[in-house]
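# Breakdown of the fold
Chain residues, written in single-letter form:
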Number of protein chains: 2
Amino acid sequence: MPVPQTDEQTSAFDLATAVRRADGPALLADLDPTWDVGGGILNGGYLLSVAGRAAVLESPHEHPVAMSASYLRAGSGGPATLQVTPGPAGRTLAHSLITMADEAGPLITVQATTATLTDAPPDYSLPVPQVSSPDECLDMAANAHLAAVPVQLPGMTRYVDSRLDPATARWALGKPSDEPVLRAWVRLADGRPADPLALLMFADALPPTSFATGKTGWAPTVQLQVLVRALPAPGWCLVEARASEIAGGWTDEDYRIWDSTGRLVAQSRQLARTAR
Amino acid sequence: MPVPQTDEQTSAFDLATAVRRADGPALLADLDPTWDVGGGILNGGYLLSVAGRAAVLESPHEHPVAMSASYLRAGSGGPATLQVTPGPAGRTLAHSLITMADEAGPLITVQATTATLTDAPPDYSLPVPQVSSPDECLDMAANAHLAAVPVQLPGMTRYVDSRLDPATARWALGKPSDEPVLRAWVRLADGRPADPLALLMFADALPPTSFATGKTGWAPTVQLQVLVRALPAPGWCLVEARASEIAGGWTDEDYRIWDSTGRLVAQSRQLARTAR
């Protein structure tokens, strides 16, 4: 395991996602109720990054490269246990199965694949979307009052700095779009650099893409897969979230995340219930 | 559970994916070694459809809507057990965790979400790609000999009829493309209509997208998520597979599947090791 850096010891993200060994077979965590999406409900990406920390702690590999989670019920914070069942482990990758539970029972189950990412340049990449610089984008926290329907700011916006691409932020100015697409620059507000654990959280950090179309309700995550594809360079990450099909009360949310150099560092897809 | 139809009792797909109750807590299956991708290795989508059948057998809901599987090692067929651990179940959806093992140990672990899909029309859809009709497409089984590098036909091609879009089939004529994209019409060769279980298999049924770029090696699946979005209409399904990032020995394979009416019926993403 890498030795924690000073910034990891003082970062709000690292404190809120810390896991520790105990006497029993399970790891322990204290889920921080302030990482919420509104209504006291913990963000799914935040929960996944806690599970990611447990996965690498029990793995010979450093990085969570594929994490698939089922969200069994909403969590609101407090003491939690993480039961990690190791699967096959080799030189290239290792598998494990994680169950995170709070005092009321299981919250999420996660299939984790860990590996050791290198800085190999890509052999093939799709192009990065063109987006205004963070300075020209809309600070979501500072502009929530502009939305046609008042948006209650999720607790986690104090930890995650988000700047919405004006091209996908017309909803925040009362002019919703037909396209369920959001793009934003994101970073940890306290300056902690992004890493694979932070990317697991970024992969569910934007509002539901239905916000872009003027529907600002909560869209509960049912199942989320995040792939971490590279180690992010320091600086802002660009996140694009897109729904491709909304039908019968279900939607997908498809994320692609690039680092400040334009490298694809993560991609994710979730099945969610549609916002009411 | 729906009563099996006559065609389900006689279809090769239904016979090969059958699961049955036994005295113990686990379900039993006989993995059919002829559903292989070459080299006696079972197709990942085939394994997932067996798990999907176990998921719906133990669920109050009829359809697998989200299935995330970790592929622990390659399977080659024979007797298998499926341990289904039920999670929360409600009126909208139910969760479970499935471990499929053969005589040598666990093969895949799967997080299953089941629900009951309706025929609600979509509220939002991305457009369907324009592709020639199946008759104008390339029958993969009949044309394997044309490939620049000889392609060994996977066993499963006898069960799955695939017709490659000529625009993404130039590799089969010795003229590879720069784009790792394949499109094909697929259907079960014995005429059994597609359903959510068949879609789980279709979501991993094409060759690796690296074939389009002239690399015809096997690309082992590490983790695969399939979302089933609607009940498919009878007839051919259109499958588009695309890699968005290939780097450091890893690739993603992103599938979208439409039915014969142009409705999006499934989408999937897998992390795989790149073909050698």
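Residues numbered from 1 in each chain as written. Chains lettered and ligands numbered in written order. Predicted model: local features only at pLDDT ≥ 70, side-chain atom pairs only at ≥ 80, totals over all residues.

### Section: the overall build of chain A
Put simply, the rule reads: The helix count covers DSSP runs of H or I at least four residues long, the strand count covers runs of E at least two residues long, and both are numbered beginning at the N terminus. In this description the radius of gyration comes from C-alpha coordinates, and the expected globular size is given by 2.2 Å times residues to the power 0.38. The burial label depends on the number of other C-beta atoms within 10 Å of a residue's C-beta. Counts of 20 or more mean buried, 12 or fewer mean exposed, and intermediate counts mean partly exposed, with C-beta atoms placed from the backbone.
Counting its regular elements, chain A contains five helices and 15 strands. The C-alpha radius of gyration computed for chain A amounts to 18 Å, which stays within 12% of the reference 19 Å derived for 276 residues, consistent with globular compactness. With respect to the three principal axes, the spread of C-alpha positions in chain A is 55 × 45 × 40 Å. For chain A, the residues scored as buried account for 54% of the 276 residues in total.

### What to know about the relation of the copies chain A and chain B
Short version of the rule: Copy-to-copy superposition: least squares on the C-alpha atoms, limited to residues that have pLDDT of at least 70 in both copies. Two residues qualify as being in contact provided that their C-beta atoms, derived from the backbone, are within 7 Å of each other.
Overlay of chain A on chain B (RMSD 0.0 Å): rotation 180 degrees, translation along the axis 0.0 Å. Those values place the two copies in the arrangement expected of a two-fold rotation axis. Considering only C-alpha atoms, the residue of chain A closest to the rotation axis is A:S68, which sits at 3.2 Å. Most of the interface of chain A is mirrored in chain B, where 100% of its interface residues again form contacts.

### What to know about the interface of chain A and chain B
For clarity, the threshold we go by: Classification convention: Asp, Glu, Lys, Arg as charged; Ala, Val, Leu, Ile, Met, Phe, Trp, Tyr, Cys, Pro as nonpolar; all other residues, Gly among them, as polar. For two strands to pair, DSSP has to find at least two bridges joining them.
In this assembly, 42 residues from chain A lie in contact with 42 residues from chain B. For the side of chain A that touches chain B, the class distribution of residues is 22 nonpolar, 14 polar and six charged. Bridging between strand β7 (residues 122-125) of chain A and strand β13 (residues 245-247) of chain B involves three bridges; their strand directions are antiparallel. Paired with A:P122 across the two strands is B:A247, which belongs to β13(B).

### A short note on the domain arrangement of chain A
Residues and elements named next belong to chain A. Rules: Residue ranges for the domains trace back to a domain assignment, done automatically or taken from a database.
Domain boundaries assigned for chain A yield domain 1 (6-115) and domain 2 (134-273). For domain 1 and domain 2, the distance between their C-alpha centres works out to 21 Å. With 28 residues of domain 1 at the interface, the matching set in domain 2 holds 26 residues. Elements with a contribution of two residues or more to the side of domain 1 that touches domain 2: α2 (12-16), α3 (44-57) and β3 (63-71).

### Details of α3(A)
Note the threshold: Multiply 1.5 Å by the residue count of a helix minus one, and that product is the helix's expected span.
Here α3(A) spans 20 Å end to end across 14 residues, near enough to the 20 Å set by a 1.5 Å rise per residue. With respect to burial, α3(A) is a largely interior element, 13 of its 14 residues being buried.

### Here we look at the nonpolar core
We count it as follows: What makes a nonpolar core is a set of buried Ala, Val, Leu, Ile, Met, Phe, Trp, Tyr and Cys residues, with links drawn between C-beta atoms within 7 Å.
In this structure, A:A51 and B:A51 are the most contacted members of the largest nonpolar core, which totals 176 residues. Discounting residues that sit within four places of it in the chain, B:A51 has contacts with B:M67, B:A69, B:L82, B:I98, B:M100, B:I108, B:V110 and B:A112.

### Side note on the environment of B:P86
Residue and element names in this part refer to chain B. Looking at where P86 falls in the secondary structure, it is placed in strand β4 (residues 78-89). Classification of P86 as partly exposed rests on a count of 14 C-beta atoms within 10 Å. Through-space distance from the C-alpha of P86 to that of E240 is 33 Å; in sequence the pair is 154 residues apart. Discounting residues that sit within four places of it in the chain, P86 has contacts with E58 and S96.

### Comments concerning the environment of A:A55
Residue and element names in this part refer to chain A. Position of A55 among the secondary structure elements: in helix α3. Expressed as a C-alpha distance, the spacing of A55 and A94, which sit 39 residues apart in the sequence, is 9.5 Å. Among all residues touching A55, those that are not within four sequence positions of it are P64, V84, S96, I98, A112 and T114.

### Notes on the pairing of strand β9 (residues 160-164) of chain B
Each regular strand displays side chains that alternate between the two surfaces of the sheet. All names here are of chain B. Across the five residues of β9, four count as buried, placing the element largely inside the fold. In this structure, β9 lies alongside strand β10 (residues 181-188), joined through five bridges in antiparallel fashion. Within β10, the residue paired with V160 across the bridge is L188.

### Remarks on the pairing of strand β4 (residues 78-89) of chain A
All names here are of chain A. Both strand β2 (residues 27-31) and β4 contribute to a ladder of five bridges, which runs antiparallel. Among the inter-strand pairings, A29 is bridged to a residue of β4, identified as A80. Where β4 and strand β5 (residues 93-102) come together, eight bridges link them in antiparallel fashion. Paired with V84 across the bridge in β5 is I98. Hairpin connection between β4 and β5: a loop of three residues separates the two successive antiparallel strands.

### A look at the confidence of the model for chain A
All names here are of chain A. The condition is simple: On a scale of 0 to 100, pLDDT captures the predictor's confidence in every residue.
Within chain A, residue pLDDT values average 92, and 93% of them lie at 70 or more. Contacts from residues 1-6, a stretch scored under 50 in pLDDT, to residues over four places away or in other chains number three contacts. Predicted as a complex, the structure gets a pTM of 0.95 and an ipTM equal to 0.94.

### What to know about the environment of B:D195
Position of B:D195 relative to the elements: it lies in the loop between β10 and α5 (196-202). Sequence separation between B:D195 and B:V265 is 70 residues, and the spatial gap between their C-alpha atoms is 9.4 Å.

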